[in-house]
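Coordinate inspection notes
Take a look at the letters that make up each chain.
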Amino acid sequence: MNVSVEQRKHWHLNQYNRKNIMRLAHSLGLFETTACLLARRGITNSKEAEKFLHPKITHLYSPFLMCDMSLAVTRIKQAIASGEKILVYGDYDVDGTTATVILKKALEVVGASVNYYIPQRLVDGYGMREAAIDKASVEGYKLIISVDCGIRAHAVIEYASTLGIDVIITDHHIPEGELPAAFAILNPKRPDCQYPDKNLAGCGVAFKLAQALLLEYSASSNHLVSLLMIAAIGTIADIVPLVGENRVIAKCGLAELSRTNNMGLRALFDIAGVTGRQITCYDIGYRIAPRINAVGRMGGASSAVELFSAPDLETATQLAREMDEQNVARQRTEADIIGEIMGQLENTDEFENDRVIVLAGERWHRGVIGIAASKVVEKTQRPAVVISIEEGLGYGSGRSIKEFPILEAFDSCRELFEHYGGHSHAAGLTLRAENIGELRRRVNEFAENFLAHKEPSSAMEIDARLGFAEINQDLMKEITMLEPFGAANPMPVFLTENVKIVDGPNPIRERHLKFRLSHCGHILDAVWWGGAEQTINFSHEQYYRLVFSLAESSYISPKHIQIAIKDLSAM
């Protein structure tokens, strides 16, 4: 296939109504640049801006706006009053793990007898299974509450009913046709749910049920705050849009994480090297979440749940170390599999005409095939499905580009699967190995029709022009108010023209480049992460157009502003 990664992105500079920007900036006492960033996010008046810049826990919606919430709370209250045992049925990724912790803790606060079950990825696969329901029945459970799963588990939920078990589903995945026959279904994506925010993560939906229970039992607000920081981890890790209620959860939760007394989290922060400073989205995404995810990817996720309730620092430290060791093992396994996959892509033309890349290998570790699929998408700019074949079955993960809903592609050939489900652009599947070829044909046929008149968008979105003279600590403080950055609230990107290289490029660890850049007499340090891979002939005599974000160096005291280069072209 010989896939090239050298395709340079187009740039798209957003335009604004100057009068409106000046009016918004004046009303808020902000720089025009900050007002442009707010406008780019659809914020056009001071009331909206105030809520966005300063989210508060009081901005959370009433949980009882969610369809079936009152029904779910009533059933849980009945279980508590009659001494019934409640089982929280979780999932093994960060979203499912944090959702399990949130609901378990909330139920304990209000006096429930509660335990949890998280399937093992390599034994049970994704979602609810009849074997787990059988075990719950034998152990005397009459109420199961799912978190981050269940919305497509029609047969399993019907089976639970035959055993006299009520199931309350809390999920955020897209429903398929008719809803399961559960006692109650909490999912803002169900068609008849009028909840104002449709973008909650699975842990966010569990948090709303926890919020409702704490309100119903008049529990201390401190309990809600402690759950908020756990919801922030799952919300950020699940890469849901960080706007609306998710922004409240993420921003307020991050503030709490930085001062938490939870021994498990403190031990994990220490292992991850983030102790003693403000916890950021980057810390969650690249240091905390991978360690929580690793135990679910490589085996069972129970130790991650136990970490949050560790009785002492010694136990917490031991659990955190185990998670760190699992993460190292995950990284090694991931590197081996991705190397094999990339070798296939680079050394064959087999996939050259495919709209969707479908790759399969014998016993690729199921815990990392989702990451591998993401790497294939990044390299090829095409949707990808990576499948591990084990004893006649294929276990796959699909990832996609913005323009293509891969779950719809799976819907179009659902008869091929034993199980499947997920999100519009990230989904999992199980199928017979002999159906993999047909899957490749069918999803490519679907993609050919769907993408016939669409070209993948590789444009780099630029928020505003920004000269070096305008960059200072006051502007940085305002930009920081827009954090946490993530999906639907990306880190701001700026454009400056007529930039010259004063010093560099100097290599950093072989892959990155460091510069000193000048614009209209103002000089700033710059780093281009991955810049050594670029095929550009840099010259100190040349003027450049520069696309960049702003950052503060954390390695020099006092902190100073530096540029993070996104792209660069000669003028």
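Values in this document were obtained by computation on a predicted structure and should not be read as measured data.

The rules we used
Residues numbered from 1 in each chain as written. Predicted model: local features only at pLDDT ≥ 70, side-chain atom pairs only at ≥ 80, totals over all residues. Heavy atoms only, no water. Axes fitted to C-alpha atoms, helices over the stretch in contact; angles between N-to-C directions. Helix = DSSP H or I, 4+ residues; strand = E, 2+ residues; numbered from the N terminus. Parallel < 35°, antiparallel > 145°, perpendicular 65-115°, else oblique. Left-handed = near helix turned anticlockwise from the far one by under 90°. Contact = heavy atoms within 4.5 Å. Nonpolar A, V, L, I, M, F, W, Y, C, P; charged D, E, K, R; others polar. Salt bridge = Lys/Arg side-chain N within 4 Å of Asp/Glu carboxyl O. Buried < 20%, exposed > 50% of the residue type's maximum accessible area, 1.4 Å probe, protein only. Core = buried A, V, L, I, M, F, W, Y, C linked by side-chain atoms within 4.5 Å. Phe/Tyr/Trp six-rings, centres within 6.5 Å; stacked < 30°, edge-to-face > 60°. Lys NZ or Arg CZ within 6 Å of the ring centre and 35° of its normal. Pairing = 2+ DSSP bridges. Polar contact = N/O pair within 3.5 Å; in protein donor to acceptor, adjacent residues only side chain to side chain.

It is the contact of helix 7 (residues 130-138) with helix 8 (residues 154-162), at a shortest axis distance of 10 Å, that shows an interaxial angle of 20°. Relative to helix 8, the element helix 7 lies roughly parallel. In this structure, helix 7 meets helix 8 at a crossing whose hand is right-handed. For the pair helix 7 and helix 8, contact is made by Glu130, Ile133 and Asp134 and by Ala155, Val156, Tyr159 and Ala160, respectively. Per-class residue counts for the contact of helix 7 with helix 8 are five nonpolar, no polar and two charged.

Think of it this way: side chains of opposite charge can pair up when their charged atoms draw near. Counting across every chain of the model gives 33 salt bridges. The partner of glutamate 350 in a salt bridge is arginine 440, with the nearest N and O atoms 2.9 Å apart. Remark: arginine 440 occurs in helix 18 (residues 436-450) and glutamate 350 occurs in the loop between helix 15 (313-346) and strand 7 (357-362); sequence separation between them is 90 residues. The exposure class assigned to glutamate 350 is partly exposed, which follows from its relative accessible area of 46%. Put simply, Glu415, Glu438, Arg441, Arg442 and Glu445 are held in one network by salt bridges that share partners.

Our next topic: the environment of isoleucine 279. Mapped onto the secondary structure, isoleucine 279 falls in the loop between helix 12 (263-272) and helix 13 (281-298). Here the alpha-carbon distance between isoleucine 279 and asparagine 444, two residues 165 residues apart in the chain, equals 42 Å. For isoleucine 279, the contacting residues outside a window of four places in its chain are Leu254, Leu257, Ser258, Phe269, Val274 and Ile284.

Here we come to the nonpolar core. With 81 residues, the main nonpolar core has Ile76, Leu107, Ile145, Phe207, Leu209, Leu257 and Ile292 as its most contacted residues. In this structure, leucine 209 is in contact with Met69, Ala72, Val73, Ile76, Leu103, Ile145, Thr170 and Leu186, ignoring residues within four places of it in sequence. Residues Ile387, Leu416, Tyr420 and Ala427 belong to the second largest nonpolar core, which totals 42 residues.

We now examine the packing of aromatic side chains. Applying the stated criterion across every chain yields a total of 12 aromatic pairs. Between phenylalanine 468 and phenylalanine 548 the ring centres are 6.3 Å apart and the planes differ by 90°, which places this aromatic pair in the edge-to-face class. Placement of phenylalanine 468 in the loop between strand 13 (464-465) and helix 19 (473-480) and of phenylalanine 548 in strand 17 (residues 544-552) is noted, with a sequence separation of 80 residues between them. Like phenylalanine 468, the residue phenylalanine 548 is buried in the burial classification. Put simply, the rings of Phe404, Phe446 and Phe450 touch in pairs and so form one group of aromatic residues. Above the ring of tyrosine 395, the side-chain terminus of arginine 366 is found at 3.8 Å from the ring centroid. The ring of tyrosine 543 carries the charged tip of lysine 500 above its face, separated from the ring centre by 5.1 Å.

Below, the discussion takes up the sheet that holds strand 9 (residues 393-399). With respect to topology, five strands assemble into an open sheet ordered 7-8-9-11-10, the strand pairing being mixed. Lying at the two open borders of the sheet, with one neighbouring strand each, are strand 7 and strand 10 (417-422). Each neighbouring strand pair of the sheet contributes to a mean axis angle of 15°, computed without reference to strand direction. Note: strand 8 (residues 384-390) against strand 9, seven bridges, orientation antiparallel. Residue pairing in the sheet places valine 385 in a bridge with glycine 398 of strand 9. With respect to the sheet, helix 16 (residues 369-380) is in contact with strand 7, strand 8 and strand 9, its orientation differing from that of strand 9 by roughly 45°.

To continue, consider the side chain of serine 549. Mapped onto the elements, serine 549 comes out in strand 17. Excluding residues that lie within four positions of it along the chain, serine 549 makes contacts with Met491, Pro492, Val493, Gln562, Ile563, Ala564 and Lys566.

Taken together, five strands build an open sheet; the order of strands is 3-2-4-5-6 and the sheet is parallel. Each edge of the sheet is formed by a strand with only one pairing partner; in this case those strands are strand 3 (113-117) and strand 6 (184-186). Across this sheet, the average inter-strand angle for adjacent strands is 20°, counted without regard to direction. Two elements, strand 2 (residues 85-89) and strand 3, share five bridges in a ladder whose sense is parallel.

Buried within helix 12 are the following residues: Gly264, Leu265, Ala267, Leu268, Phe269 and Ala272. The distance from a side-chain oxygen at the start of helix 12 to the backbone nitrogen of glycine 264 is 3.0 Å, and the residue carrying that oxygen is asparagine 262.

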